Amino acid sequence: MSRVLLTGSNGFIGTHVSSHLSALGYDVVGVGRRSSPVARCSSYIQCDLASQNGRTDLAKELAKCDVVVHLAADMRKAPYEIEVLETNTKGTQLLLELCEEMEVDSFVQLSSLPVIGHPTCVPIKEDHPAKPPTIYHLTKHMQELLANYAA
């Protein structure tokens with residue numbers, strides 16, 4: 001059975017991804033900032049990816065994982081833009097570095113449609129220009145760029 005580390009497991013998309021992966025027989029390790037899991041996970045790590053809290057536990061779990069699915073992001077709005085920027089970009093970079101150190105096989109980065117802004121053509125393809133409308137969406141786009149750079 002493959003072991004998947006799922007960041008943002010307590011979010012709207014994360015709870016659905018966790019349930020789906022669990023139903024398919026994957027061993028899902030949830031990661032979130034809440035003290036306890038909301039999603040269906042076999043284990044859970046409370047961790048802020050942009051800080052040192054929980055990084056030892058995270059490294060131990062990553063050493064046993066085949067795949068990381070990265071959904072985590074701080075969605076708060078003004079006046080928290082600096083914190084959102086730091087949490088989402090720094091947290092992703094630190095996670096990517098830890099995945100490389102632990103030799104994780106695959107890293108999956110997920111964003112949502114608003115990252116591109118208002119669609120200029122349909123169907124939307126990979127080369128669609130990105131014009132993120134908020135700091136949150138900008139940082140989700142940056143997460144994509146960091147993951148692509150690390151690949």
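Here the structure is a predicted model, which means the values were calculated and not measured. (Residues numbered from 1 in each chain as written. Predicted model: local features only at pLDDT ≥ 70, side-chain atom pairs only at ≥ 80, totals over all residues. Heavy atoms only, no water.)

(A) Looking closely at the pairing of strand 2 (residues 27-32). Burial within strand 2 is extensive, with 6 of its 6 residues counted as buried. Along strand 2, one buried face is formed by Asp 27, Val 29 and Val 31 and the opposite face, lined by Val 28, Gly 30 and Gly 32, is buried too. For strand 1 (residues 3-7) and strand 2, the ladder comprises 5 bridges, and the chain directions are parallel. The residue of strand 2 that forms the bridge with Arg 3 is Asp 27. This β-α-β element, strand 1 to helix 1 (residues 12-23) to strand 2, shows right-handed connectivity. Sheet analysis places strand 2 next to strand 3 (residues 43-46), joined by 4 bridges and oriented parallel. Directly across from Val 31, in strand 3, lies its bridge partner Ile 45. (Buried < 20%, exposed > 50% of the residue type's maximum accessible area, 1.4 Å probe, protein only. Helix = DSSP H or I, 4+ residues; strand = E, 2+ residues; numbered from the N terminus. Pairing = 2+ DSSP bridges. Right-handed = clockwise from strand over helix to strand, strands pointing away.)

(B) Broad picture of the nonpolar core. Leu 5, Val 31, Leu 49, Leu 58, Leu 62, Val 68 and Leu 95 are the most contacted members of the largest nonpolar core, which has 16 residues in total. Non-local contacts of Leu 95, meaning those with residues more than four positions away in its chain, are made with Thr 7, Leu 49, Arg 55, Leu 58, Leu 62, Val 68, His 70 and Phe 107. Membership of the second largest hydrophobic core comes to 7 residues, among which are Val 4, Leu 6, Val 17 and Leu 71. (Core = buried A, V, L, I, M, F, W, Y, C linked by side-chain atoms within 4.5 Å. Contact = heavy atoms within 4.5 Å.)

(C) Fine view of the pattern of salt bridges. On inspection of all chains with the given rule, the structure shows 6 salt bridges. Between Arg 76 and Asp 74 there is a salt bridge, with the nearest N and O atoms lying 2.8 Å from each other. Using a relative accessible area of 1% as the deciding quantity, one classes Asp 74 as buried. Overlapping salt bridges bring together Arg 3, Asp 27, Glu 61 and Lys 64 as one network. (Salt bridge = Lys/Arg side-chain N within 4 Å of Asp/Glu carboxyl O.)

(D) Fine view of the layout of surface pockets. In this model, the largest pocket occupies a volume close to 590 Å³. Lining the largest pocket are 31 residues, with Gly 8, Gly 11, Leu 71, Ala 72 and Ala 73 sitting closest to its centre. Of all the secondary-structure elements, those providing two or more residues to the lining of the largest pocket are helix 1, strand 2, helix 3 (81-101) and helix 4 (135-150). Element by element, the count of residues in the lining of the largest pocket is highest for helix 3, at 4 residues. (1 Å grid on protein atoms, 1.4 Å probe; cavity = no way out; pocket = protein on both sides within 12 Å on 5 of 7 lines; lining within 4 Å. Points joined across faces, edges and corners; volume = space filled by probe spheres on them.)

(E) Molecular detail of the sheet that holds strand 2. Here 5 strands make up an open sheet; going across it, the order is 3-2-1-4-5 and the pairing parallel. The sheet is open, and its two borders are formed by strand 3 and strand 5 (106-109), each paired with just one other strand. Taken over all neighbouring pairs, the strand axes of this sheet differ in orientation by 20° on average, direction set aside. (Axes fitted to C-alpha atoms, helices over the stretch in contact; angles between N-to-C directions.)

(F) Quick look at the environment of Glu 83. One can find Glu 83 in helix 3. Counting along the chain gives 33 residues from Glu 83 to Ala 50, while the straight-line C-alpha distance between them is 9.9 Å. Leaving out residues up to four positions away in the same chain, Glu 83 has contacts with Asp 74 and Arg 76.

Geometric descriptors of this kind do not, in isolation, establish any biological role.
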